[in-house]
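These are the residues of each chain, in order.
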Amino acid sequence: MPGPLPGAPAVPDFAAELNDEQLAAVQTHARHALVIAGAGSGKTRTLTYRVAWLLSQGVPGWRVLLLTFTNKAAREMLERVGSLIGPESGSIWGGTFHSIANRILRRHAEMLGYRQGFTILDSDDQRALMRRLVKLHAGKQSKANPFPKPEVLLSLLSLAVNTGRTWEETLAADYPQLCKHEETIGQIYADYARRKVETNAMDFDDLLVNMVRLLSEHEEVRLHLQERFLHVLVDEYQDTNVLQERMISLLCGGSRTHLMVVGDDAQSIYSWRGARVDHIFDFSRRYPDAEVFKIETNYRSVPAILEISNAAIAQNERQFLKVLRPVRAANKWMPAVVPAPDNRTEAQFVARRIDELMGQGIPGKDIAVLYRAHFHSLDVQMELTRCHIPFRITSGLRFFEQAHVKDVVAYLRLLSNPRDEMAFRRIAATFPRVGEVSAGKMWQGWLAACEARLQSAPEVPLRGYEELMRGVSVPALARPNWQSFLATMEALRPEEGVELTPAEMVRLVQKELDAWFRSAYDNYDERWEDIEQLSRTLADMPSLEDFLSQVALLSEADREVEPDDDCVTLSTIHQAKGLEWKVVFVIFLGEGMFPHYRVINAGDARELEEETRLFYVAVTRAQDQLYLTYPRYNGHSYDSMYCPPSRFLTSLPQGLFEVWSE
Ligand code: ATP
Ligand code: MG
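Residues numbered from 1 in each chain as written. Chains lettered and ligands numbered in written order. Predicted model: local features only at pLDDT ≥ 70, side-chain atom pairs only at ≥ 80, totals over all residues. Heavy atoms only, no water.

Let's talk about the pairing of strand β11 (residues 336-342)
Here is step 1 of the chain: β11 sits mainly inside the fold: five of its seven residues count as buried.
Here is step 2 of the chain: The sheet contact formed by β11 and strand β16 (residues 622-634) spans six bridges and is parallel. Bridging across to β16, V338 finds its partner in T629. (Buried < 20%, exposed > 50% of the residue type's maximum accessible area, 1.4 Å probe, protein only. Helix = DSSP H or I, 4+ residues; strand = E, 2+ residues; numbered from the N terminus. Pairing = 2+ DSSP bridges.)

In structure tokens, the structure reads:
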């Protein structure tokens, strides 16, 4: 067995840092292994140590693939592996299914009919494209028979893709009220697919779809990857959908690859997006040689919080029964249930209590406020701001979703992929007197010129825009902007073979867009600062393509913010999966808010069970202190609604919590 490299940390003492159940999983030789265990039992830790173990056994980092629920989770796990075992961890591929798919497709997308440098459409781009198609195909709508909104068409399509059904099946099963529009919807979807290919773009779902296509249709790529990855490891396996599962089985389909998945059926909370908890239940059937590991010790929470967690999930019938023993000793805090007269006083309680806790020396980073829906956080946001308590919010509008940031990014996208219609239209919309129609004409002119030039020399990036675009018809009033736009595009690639860094590019575009920012948006100064920050952040980004992939992946998949020690975290429960804090507040625990009234009214037991699992995920994030709060009235003054406590609270056995007054 090769020893550690000179200067690398000594091999960790696996037996001392893991319990017997975890150690057995970490050191297994089984080709297929499932670790199934409750929250806080060290599943993620087991996976992390497993990677370190493999490296310590001489498996090269580049032969390991780690699939996680957020890119941040992968980064943290690999940092930990690095600290355990040394720099070999740097060559491991780790990230979300989408980001790994993107990484592989960047090399092979041409085999699927795409061209180099494909663009990833984010939700805004998708909506814009869909809006245009709805207008085109269903322009004349009667009030009595309105056509579904672009957002609805996109959700339907995404649900179909992620559940592995056709859109027609999904329409009939989940959107029966829209069946009367089936024909037009079909035309729109066909056009949507065509436009994406024409503009050399993939939407988020396409990353998975195309990855699966690539692996199933191109044996040489599949064999190459099966040969490369000796070990595939998956965290949060309970929330994989059919495409992700297919991607895993194709990658592991050879005779050598080892697969280890870890998960907890009680934490499956993404069925509304196509996740299938059955994957975990069926694992042993699919892989009859699978070894199954169970961990029955909880390291995260004090016993009182663990009792609440167990009681919360006991309400569900469909589950693998797991008994968790607490390792930690009790502390002086009983979990608290806190009724407040209304949502404002609820928020005031949360802010005041956080202030006290921080006064006692608990840093903000150890405190989280969790909620079912993003808008539940509004009062808490305002109250924390009023009390000067810093917070970061992982559920709201994110940096790259902001209009002015997208304007800047559009230039870079167009530079990298001249066929990117979305980016072109976004830029054209900043010119005076350019509406949909003239933007469309300009686009046709631009595209024709680019295509002609790219066909004659496909490998050479575009330059000489002024000359190239001579024939494009542009409204007179927009001419000066058009000229200046072409000059900026030229400046972004100043000479053959010279590449500016992404940070330098951003500065150039910032200058170009300055007048637009002043005229189009309020709070110019803050927006300017955002762009400044963007170019600072990009300082060490090597290439434009890296940057654009990251933007698209960041703004879509996970809402990841860099840690700041003093900041309290505000997060939806969905975004809090896998994480832990010393102190957790779960707010808006009123019947109708959580569980949501739509689920209550629908009376679907399965949906209600998913709400219960969501509550379970929320309470199991807490290590030391747990506060469960709800407003008796929601809304301000005359527009308020009486709200009884959530059934999740009323069904908790007495004696497991204390009732506090706010
Ligand atoms: P979740 O289901 O929420 O994702 P998990 O099962 O992945 O939880 P981890 O996050 O890996 O659990 O572990 C929970 C906490 O317990 C972490 O702080 C981890 O470091 C700690 N822990 C786990 N196992 C051990 C151990 N053997 N010794 C000490 N601490 C441990
Ligand atoms: Mg975990």
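Moving on from the model shown.
With respect to the site of ligand 1
Here is step 1 of the chain: Not every one of the 19 residues close to ligand 1 is listed here, only the nearest: K43, T44, Q267, E580 and R621.
Here is step 2 of the chain: In this structure, an oxygen atom belonging to ligand 1 sits 3.2 Å away from a main-chain N or O atom of S41.
Here is step 3 of the chain: Within the backbone of G42, one N or O atom sits 3.0 Å away from an oxygen atom of ligand 1.
Here is step 4 of the chain: About the coverage of ligand 1: the protein hides 82% of its 640 Å² of free accessible area.
Here is step 5 of the chain: Here the shell around ligand 1 takes three residues from helix α3 (residues 43-56), the largest share from any one element. (Near = heavy atom within 4 Å. Polar contact = N/O pair within 3.5 Å; in protein donor to acceptor, adjacent residues only side chain to side chain. Areas by Shrake-Rupley, 256 points an atom, 1.4 Å probe, with all protein chains shown as cover.)

Topic: the environment of R50
Here is step 1 of the chain: One can find R50 in helix α3.
Here is step 2 of the chain: Using a relative accessible area of 3% as the deciding quantity, one classes R50 as buried.
Here is step 3 of the chain: Ignoring any residue separated from it by four or fewer positions in sequence, one finds R50 in contact with A25, V26, Q27, T28, H231, L233 and M260.
Here is step 4 of the chain: Within the structure, R50 has its side chain in polar contact with the backbone oxygen of T28 (distance 2.9 Å). (Contact = heavy atoms within 4.5 Å.)

Overview of the packing of aromatic side chains
Here is step 1 of the chain: Summed over the entire model, instances satisfying the criterion amount to 26 aromatic pairs.
Here is step 2 of the chain: Measuring from centroid to centroid gives 5.7 Å for Y270 and W272, while their planes differ by 25 degrees, and the two rings are stacked.
Here is step 3 of the chain: Judged by relative accessible area, Y270 falls into the buried class, the value being 5%.
Here is step 4 of the chain: For W272, a relative accessible area of 47% corresponds to the partly exposed category.
Here is step 5 of the chain: Judged by centre distance (5.8 Å) and plane angle (15 degrees), the ring pair of W446 and Y465 falls under stacked. On the criterion of sequence distance, the pair formed by W446 in helix α20 (residues 436-456) and Y465 in helix α21 (residues 465-468) is long-range, its members being 19 residues apart. (Phe/Tyr/Trp six-rings, centres within 6.5 Å; stacked < 30°, edge-to-face > 60°.)

A short note on the pattern of salt bridges
Here is step 1 of the chain: Inspection of every chain in the model, using the stated rule, returns 39 salt bridges.
Here is step 2 of the chain: A salt bridge links R372 to E611, with the shortest nitrogen-to-oxygen separation between them at 2.6 Å. One end of the pair, R372, is in the loop between β12 (367-371) and α17 (378-386); the other, E611, is in helix α27 (residues 605-619), with 239 residues separating them in the sequence.
Here is step 3 of the chain: Here the residues in one salt-bridge network are D122, D124, R127, E151 and K406, joined through shared partners. (Salt bridge = Lys/Arg side-chain N within 4 Å of Asp/Glu carboxyl O.)

Focus on the sheet that holds strand β3 (residues 93-95)
Here is step 1 of the chain: Taken in spatial order, the six strands of this open sheet run β3-β2-β6-β7-β1-β8, and their pairing is parallel. Two strands in the sheet have a free side with no partner beyond their single neighbour: β3 and β8 (291-295). The average undirected angle you get between the axes of adjacent strands in this sheet is 10 degrees.
Here is step 2 of the chain: In the sheet, strand β6 (residues 231-234) pairs with strand β7 (residues 258-263) via four bridges, with the strands oriented parallel. From the neighbouring strand, V234 faces β7, where its bridge partner is V261.
Here is step 3 of the chain: Along the sheet, helix α5 (residues 97-108) contacts β2 (64-67), β3 and β6; its crossing angle with β3, the most-contacted strand, is approximately 130 degrees. (Axes fitted to C-alpha atoms, helices over the stretch in contact; angles between N-to-C directions.)

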